[in-house]
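Reading the structure
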Amino acid sequence: MLDFIGSHLAVTAVCAIALTYAPGPPGHSMIWGHLKIMGSIMQDVPARVHPHVIPLRIKEKYNIETDYFYLDVWPLADPMLHVFDPDVAQQVTVDLALPKHSTMADFMIHLAGPGDMVSSNGPHWKKWRTIMNPGFAASHLISLVPGIVDDSLIFCQRMVEHAEKGEIFRLEENATRLTVDIIGKVTMDLKLNTQSAPNEMVTAFREQVQLVPNEGMLDPLAMWRPKGIYKRWRNGRVMNRYIGKVLDERFARADNIAGRPVGERKQRKRVMIDLALDAYQSQQSGGEAEKAQVNTNPPQMDAEFRRAAITQIRTFVFAGHDTTSSTICYALYMLQKNPECMARIRQEHDENLGGVESAPQLIKDDPHILKKLDYTMCVVRETLRLWPAAGAVRGGLPGVMIRDPKTGESYPTENFLVWVPHYALHRNPNVWGDSANTFDPSRFLAQNESKLPENGYRPFEKGQRNCIGQELALIEARIILALTVRSFEFQAAYDSLDEPKDDGSYYADERWRKGKQDLDGEEAYQILVGSAKPREGMPTRVKVRL
Ligand code: HEM
Ligand SMILES: *[C@@H]1O[C@H](CO)[C@@H](O)[C@H](O)[C@H]1NC(C)=O
Ligand SMILES: *[C@@H]1O[C@H](CO)[C@@H](O)[C@H](O)[C@H]1NC(C)=O
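Within an unreviewed UniProt entry, the label attached to the protein chain reads Cytochrome P450, and the organism entered is Oleoguttula mirabilis. According to its UniProt record, the protein chain has this under Pathway (unreviewed entry): "Secondary metabolite biosynthesis."

So this is what it looks like as structure tokens:
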């Protein structure tokens with residue numbers, strides 16, 4: 001503990017210099033940092049709100065002129081540089097390409113294992129990004145469309161069942177099962193069928209995201225409770241075993257394929273697990289993977305490779321389902337709240353997809369039809385602007401400075417956790433004007449594109465560390481909207497929070513039912529559980545239309 005405080009004072013001494021002349025709220029104390037300021041801001045917001053709503057509130061309350069500022073909230077988190085200025089955000093993730101901050105690894109290790117692709121840096125990251133990239137090629141993604149349509153139809157069936165029972169349910173629970181099923185096919189060519197029956201790996205994942213430093217801001221000791229330590233270990237084992245088994249089965253198959261003519265091997269699907277195995281096999285045969293090898297002995301997979309491959313697949317399962325399911329929930333929510341937008345998206349589907357009954361087959365037969373759904377894409381983009389599922393976290397470096405776009409003044413990054421909260425950037429009135437908080441998909445129409453603020457929209461980030469799965473997420477979201485908005489009428493039901501019976505474990509805690517329950521009147525505010533998710537899983541009523 002003394003060590004901890006000692007290192008804090010050392011860091012604070014360095015940071016204090018920056019904190020005295022760089023932009024930030026007033027009244028920084030050598031001992032308390034800006035903790036008092038955080039405390040006063042937290043009084044006005046619900047206890048569980050995602051921290052990405054805080055920066056704009058600090059700026060407003062303390063009249064900070066710049067759209068970036070320094071904040072010292074140790075011991076809740078490292079001293080931070082908040083960035084919601086488009087130009088400075090571009091410097092951080094693209095021009096300076098700052099590395100991922102070490103807290104990302106502390107968080108991801110529980111979900112994915114050591115050395116995952118989201119939090120790692122340098123050659124290790126590069127290696128895995130290169131291996132996995134072909135799995136996200138446009139031509140490959142389009143081949144996944146029929147499978148995504150099938151999974152979405154099961155989701156629609158679930159909605160019909162809810163409608164028949166007339167019950168209130170947590171939309172995010174059902175949406176998550178859908179996106180997990182999709183990601184299972186994409187990463188492992190595996191039918192997880194989590195929409196139809198419970199699945200041990202998914203259950204482990206769902207529990208694990210609650211046991212990582214989410215509310216670290218509120219409860220720094222949470223990570224040290226023995227029960228949590230045990231559960232994290234057990235969940236990790238469940239996930240590793242499950243994926244390891246699939247990997248081993250694939251390995252046996254892949255080895256068979258290696259004995260076949262090259263032409264046939266190229267036919268293999270580009271699911272993640274095969275890409276990882278291909279990379280491994282070409283490494284093994286010293287770059288001569290194309291040479292046919294017929295192996296008579298049962299093959300052995302290098303243990304280290306096996307571990308690393310499991311980690312990357314766990315990374316995709318995590319990064320690929322959570323974010324997308326929240327986006328779907330919010331898109332349906334914003335459409336309910338904006339009837340003109342709902343009318344317009346339905347009209348687009350009427351014009352391009354034929355009747356409700358025939359639409360699924362039409363999309364399967366001609367996946368490129370999705371490209372015609374311009375307004376649908378705008379709805380998804382606008383949803384991601386107002387309700388971004390993630391953000392960017394980087395680590396500062398010695399001698400690396402950000403530059404104020406107006407004054408040209410430079411400020412240090414060293415010793416700071418550099419945070420680009422997309423929520424704050426996407427709702428910054430200096431960037432988006434008076435309509436910053438208004439849902440208006442038309443701003444993303446092609447004819448309006450030139451009016452979009454440069455570098456001001458980055459839900460998937462930009463630069464080399466941008467989201468590898470963004471095209472997939474956009475395909476999923478469009479398909480699900482195409483198959484739901486004309487068939488159903490959704491209605492959020494935050495007024496009946498106690499009713500939903502399929503209580504997800506996220507919501508069991510009574511702590512969150514106390515105190516303020518809305519953010520400036522918005523009930524469906526985002527909370528942090530792994531990624532930014534709708535509070536309480538978005539309790540919803542659904543009716544069948546037509
Ligand atoms: C709406 C859905 C999604 C959103 C909003 C989103 C957002 C993001 C953001 C902002 C980053 C950069 C984080 C940073 O800079 O610190 C990122 C990275 C990443 N995302 Fe996504 N994502 C989504 C869907 C997906 C999907 C479907 C997959 C996988 C199948 C995926 C896999 C990843 C991976 C592996 C990275 C790390 C890439 C790297 O560092 O090279 N994401 N995502
Ligand atoms: C999703 O919807 C169905 C209703 O058909 C329900 O029975 C199911 O338990 C829901 N939740 C999950 C987590 O699958
Ligand atoms: C986008 O363009 C359309 C017509 O071209 C216009 O009606 C609409 O108001 C524009 N929206 C924005 C936000 O510029």
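Attention now goes to the confidence of the model for the protein chain. Looking at the protein chain as a whole, the pLDDT averages 86, with 87% of positions reaching at least 70. Low pLDDT, under 50, characterises residues 287-296; the predicted model gives this stretch 15 contacts beyond four residues in sequence or across chains.

Another point: the UniProt feature "binding site: heme" (unreviewed entry) in the protein chain. Under the UniProt annotation, the feature "binding site: heme" (unreviewed entry) is placed at C467. Looking at the secondary structure, you find C467 in the loop between α19 (429-432) and α20 (470-484). A relative accessible area of 31% means that C467 is categorised as partly exposed. Discounting chain neighbours no more than four positions away, the residues touching C467 are R129 and F460.

Helix packing geometry: the angle between the two helix axes and the distance between the axes. One way to put it is that helix α9 (residues 171-188) packs onto helix α14 (residues 303-337) with a least axis distance of 8 Å and a crossing angle of 140°. Compared by their axis directions, α9 and α14 come out oblique. Judged by the twist between their axes, the crossing of α9 over α14 is right-handed. Taking contact as the criterion, the partners of L171, E172, A175, T176, T179, V180, I183, T187 and M188 in α9 are, on α14, I313, F316, V317, G320, H321, T324, S325, I328, C329 and L332. Counted by class, the contact of α9 with α14 contains eleven nonpolar, seven polar and one charged residues.

So, how was this worked out
Residues numbered from 1 in each chain as written. Chains lettered and ligands numbered in written order. Predicted model: local features only at pLDDT ≥ 70, side-chain atom pairs only at ≥ 80, totals over all residues. Heavy atoms only, no water. UniProt positions renumbered as here; feature names shortened; annotations may be inferred. pLDDT = per-residue confidence, 0-100. Contact = heavy atoms within 4.5 Å. Helix = DSSP H or I, 4+ residues; strand = E, 2+ residues; numbered from the N terminus. Buried < 20%, exposed > 50% of the residue type's maximum accessible area, 1.4 Å probe, protein only. Axes fitted to C-alpha atoms, helices over the stretch in contact; angles between N-to-C directions. Parallel < 35°, antiparallel > 145°, perpendicular 65-115°, else oblique. Left-handed = near helix turned anticlockwise from the far one by under 90°. Nonpolar A, V, L, I, M, F, W, Y, C, P; charged D, E, K, R; others polar.

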